[in-house]
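Here is what each chain is made of, one letter per residue.
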Amino acid sequence: MRIVVGVCGGIAAYKVVGIIRTLVLQGHDVQVIPTDEALRFIGAPTLEAISRNPIATDLFDGVAEVKHVALGQSADVILIAPATANTIAKLANGLSDNLLTNSVLASTAPLVIAPAMHTEMWQSAATQHNIATLVDRGAHVVWPESGQLTGSDVGVGRLADPEAIVAAVASVSGARDLAGTTVVVTAGGTREPIDPVRFIGNRSSGRQGVALAEAARDRGADVALIGANLEVPPPVGIELVPVSTVAELRDAVLSRAADADIVVMAAAVSDYRPVNVAHTKMKKDAVGDDVSIELTANPDILADLGALQHPRPVLVGFAAETEADADALAALGAGKLERKNADLIAVNRVDDGRGFGTSDNEVLIVGSGSRIVTTVDGSKRVVADAILDAALTERP
Ligand SMILES: Cc1cc2nc3c(=O)[nH]c(=O)nc-3n(C[C@H](O)[C@H](O)[C@H](O)COP(=O)(O)O)c2cc1C
């Protein structure tokens, strides 16, 4: 999707960098239009590097291609963040004295406005009148929050949470092909305690599962994210169920599976757990130099879900593998799918620093009959959307 991001001249301009980065990682083509005043707060190189596109600033650049009309027409959605009182006033009154305001006027794309300013400016009759005018005309406002402002002041006017702004962009523009469905996603890595301070864990950060939950939410689903020791913040607008061990994760998934349309098991779950868990810290002096920890197998949650009576949710499992060969990966995925009675297996390579803790992923999606549904290589959000696309085609 092509997203035009207008940046205005307010202190919160630096926060838009994170928003642009998220939109780019989600696979969007982002064109930034900073106002002249915005460039007094944040540098063009930062905006260009983060958006991976040259910024557009001057109304009279590229006149032959009528840039302000081209930019406005090319946008699938326009986001203005932070939106200053000044730019809000201009838009409410149809003024068009710079590239950003011209582009907005020349566009029929949905407009998302995230205002940020000092409390008195926000609460002034003029700004409130102007924002109400824009809402009346169909603009989507991500309302400013109350909190610490520039300096020592506290009050309403702080830019909304960047995550909420990204979610607003997705909700006005994205496909709502999961509306009315319930999606359960597991994410992160389980921890099986050995004693009160040690555990058997794994390298999963939870990024892929969080991206899946976010994508499902943006596509209109009701989402439950069962998060095992997430190292990344969960998305807003979903139900978060924090868990730690395999037993906790299993209870949380099985209790929700009956009402779910799609279950995606992206969490890395421990195959084994210690037979005995020490209730006090195991001391080196007491246990000696050679220690054996007896392990026992954990229940196989994917197989338990696969054994549910039909109609059961579409079941997507993950397989983290270190093979480099595509045929070998596909065979591993097909074997797992059959053993667990899943509908799809997303096989991801985790050798050579791939997969765990990174923002990108490389996944091969295998369906029944050893069918390769698709291969995806991109940001975890792009991978998440491909997995949800595949899951949708599996729905009865
Ligand atoms: C240090 C400083 C911080 C500012 N912060 C804001 C702000 O947070 N919100 C706002 O509406 N205006 C703020 N302004 C005022 C705008 O920069 C000014 O209205 C400018 O004309 C906005 O231009 P633009 O809307 O074209 O970006 C600030 C000005 C200065 C000098």
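Residues numbered from 1 in each chain as written. Predicted model: local features only at pLDDT ≥ 70, side-chain atom pairs only at ≥ 80, totals over all residues. Heavy atoms only, no water.

You'll find the chain entered in an unreviewed UniProt entry as Coenzyme A biosynthesis bifunctional protein CoaBC, with Paramicrobacterium chengjingii given as the organism.

### A few points about the overall build of the chain
Note the following rule: Strands here are runs of E lasting at least two residues and helices are runs of H or I lasting at least four, both read from the DSSP assignment and numbered beginning at the N terminus. Note on exposure labels: buried denotes an accessible area under 20% of the residue type's maximum, exposed denotes more than 50%, and partly exposed covers the range between, all computed with a 1.4 Å probe on protein chains only. In what follows, a contact means two residues having at least one pair of non-hydrogen atoms within 4.5 Å. The accessible surface values rely on the Shrake-Rupley method and a 1.4 Å probe; as for residues, cover is taken only from the protein chains in view. His is not counted here, nor are the chain ends, while Lys and Arg score as positive and Asp and Glu score as negative. Working definition for charges: the position is that of NZ of Lys, CZ of Arg, CG of Asp or CD of Glu.
A tally of regular secondary structure across the chain gives 14 helices and 19 strands. Each principal axis of the C-alpha atoms in the chain carries an extent, and together these give about 70 × 50 × 40 Å. Here the chain, with 396 residues, has 49% of them falling under the buried criterion. A separation threshold of at least 6 residues defines the contact pool for the chain, and within that pool the share at least 24 residues apart is 67%. As displayed, the chain has an accessible area near 18000 Å², and 51% of this comes from carbon and sulfur atoms. Seen as two clouds, the 32 positive and the 48 negative side-chain charges of the chain have centres 2 Å apart.

### Some details on the environment of Asp153
Relative to the helices and strands, Asp153 is located in the loop between strand 6 (145–148) and strand 7 (154–158). Since its relative accessible area comes to 34%, Asp153 is described here as partly exposed. Excluding anything up to four places from it in sequence, Asp153 contacts His118, Gly147 and Gln148.

### Some details on the sheet that holds strand 12 (residues 239–243)
For clarity, the cut-off: At least two DSSP bridges between two strands are needed for those strands to be called paired. Fitting a line to C-alpha atoms yields each axis, with helices limited to the stretch in contact; the angle taken between N-to-C directions then spans 0 to 180 degrees.
The eight strands lie next to each other as 12-11-8-13-16-17-18-19, forming an open sheet whose pairing is mixed. Edge positions in the sheet fall to strand 12 and strand 19 (371–379), since each of these pairs with one other strand and no more. Adjacent strand axes in the sheet meet at a mean angle of 15° when their direction is disregarded. Of the pairings in the sheet, the one linking strand 8 (residues 182–188) to strand 11 (residues 222–228) comprises seven bridges and is parallel in character. Paired with Ala187 across the two strands is Gly227, which belongs to strand 11. Along the sheet face, helix 9 (residues 207–218) touches strand 8, strand 11, strand 13 (262–265), strand 16 (314–321) and strand 18 (360–367) and points at about 160° away from the line of strand 8.

### Regarding the site of the ligand
Where we set the bar: Nearness is judged by heavy atoms alone; a residue qualifies as near a molecule or strand once a single heavy atom is within 4 Å of it. Counting of polar contacts relies on pairs of N or O atoms within 3.5 Å, with two restrictions inside protein: one atom must be capable of donating a hydrogen and the other of accepting it, and residues adjacent in sequence are counted only when both atoms are side-chain atoms. Throughout, the ten residues Ala, Val, Leu, Ile, Met, Phe, Trp, Tyr, Cys and Pro are labelled nonpolar, Asp, Glu, Lys and Arg are labelled charged, and all others, Gly among them, are labelled polar.
In the vicinity of the ligand there are 14 residues, among which Gly9, Thr35, Thr84, Ala85 and Thr87 approach most closely. Between the ligand and the protein, one listed contact pairs an oxygen atom with a side-chain N or O atom of Thr84 at 2.5 Å. Within the side chain of Asn86, a nitrogen or oxygen atom sits 3.0 Å from an oxygen atom of the ligand. Calculation on the ligand without its partners gives an accessible area of 650 Å², and the protein chains cover 65% of this total. Top element by residues in the shell around the ligand is helix 4 (residues 85–92). It accounts for three residues. A class-by-class count of the residues in the shell around the ligand yields seven nonpolar, six polar and one charged.

### Points about the UniProt feature "domain: Flavoprotein" (unreviewed entry) in the chain
The cut-off we apply is this: UniProt positions are given in the numbering used here, feature names are shortened, and annotations may be inferred rather than shown by experiment.
Under the feature "domain: Flavoprotein" (unreviewed entry), the UniProt entry names residues 1–170. Measuring from the first to the last C-alpha atom of residues 1–170 gives 10 Å, for a span that is 39% helix and 21% strand.

### Some details on the sheet that holds strand 4 (residues 111–115)
In space, the five strands of this open sheet follow the order 2-1-3-4-5, with parallel pairing throughout. Pairing within the sheet leaves two strands with one partner each, and these edge strands are strand 2 (29–34) and strand 5 (140–141). With two bridges joining them, strand 4 and strand 5 adopt parallel strand pairing. Within strand 5, the position partnered with Ile113 by the bridge is Val141.

### Concerning the packing of aromatic side chains
Applied cut-off: Only Phe, Tyr and Trp rings are paired, with Trp represented by its six-membered ring, and only when their centres lie within 6.5 Å; those with planes under 30 degrees apart are stacked, over 60 edge-to-face, the remainder tilted.
Applying the stated criterion to the full structure yields one aromatic pair. Consider the rings of Trp122 and Trp143, whose centres lie 6.1 Å apart with planes at 65°: the pair is edge-to-face. On the criterion of sequence distance, the pair formed by Trp122 in helix 6 (residues 119–123) and Trp143 in the loop between strand 5 and strand 6 is long-range, its members being 21 residues apart. For Trp122, a relative accessible area of 6% corresponds to the buried category.

### A word on the pairing of strand 18
Taken across its eight residues, strand 18 has six buried, putting it largely inside the fold. One ladder, built from eight bridges, connects strand 18 with strand 19; its direction is antiparallel. Note that in strand 19 the partner of Leu364 across the bridge is Thr375. Here strand 18 hands over to strand 19 after three residues, with Gly369 in that stretch at a positive phi of 65°.

### Observations concerning helix 1 (residues 16–25)
Think of an α-helix as turning once every 3.6 residues; residues three or four places apart then point the same way. Convention followed: Of all possible arcs, the one meant is that of the directions from the helix axis to the C-beta atoms.
Turning to helix 1, its buried residues number three or more, namely Val16, Val17, Ile19, Ile20, Leu23 and Val24. One side of helix 1 holds all its buried residues, which, seen down the axis, span an arc of 160°. Buried-residue contacts for helix 1 involve strand 1 (2–7), strand 2, helix 2 (44–51), strand 3 (77–83) and helix 8 (162–173). In the segment just after helix 1, Gly27 is the residue with positive phi, at about 100°.

### Thoughts on the UniProt feature "binding site: CTP" (unreviewed entry) in the chain
How we decide: Using a 1 Å grid laid over the protein atoms alone, points where a 1.4 Å probe fits but cannot get out form a cavity; open sets with protein on both sides within 12 Å along at least 5 of 7 lines form a pocket; any residue with an atom within 4 Å of a point counts as lining.
UniProt tags Asp271, Lys281, Pro299, Asp300, Ile301, Leu302, Phe318, Lys336 and Lys340 as "binding site: CTP" (unreviewed entry). Maximum C-alpha separation among the annotated residues is 37.5 Å over a sequence range of 70 residues, too wide for a single clustered spot. Set against the largest pocket, the annotated residues that line it come down to Asp271, Pro299, Asp300, Ile301, Leu302, Phe318, Lys336 and Lys340. With respect to the secondary-structure elements, Asp271 resides in the loop between strand 13 and strand 14 (272–274). If near-sequence neighbours (up to four positions away) are discounted, Asp271 is found in contact with Thr296, Ala297 and Asn298. With respect to the secondary-structure elements, Lys281 resides in the loop between strand 14 and helix 11 (284–287).

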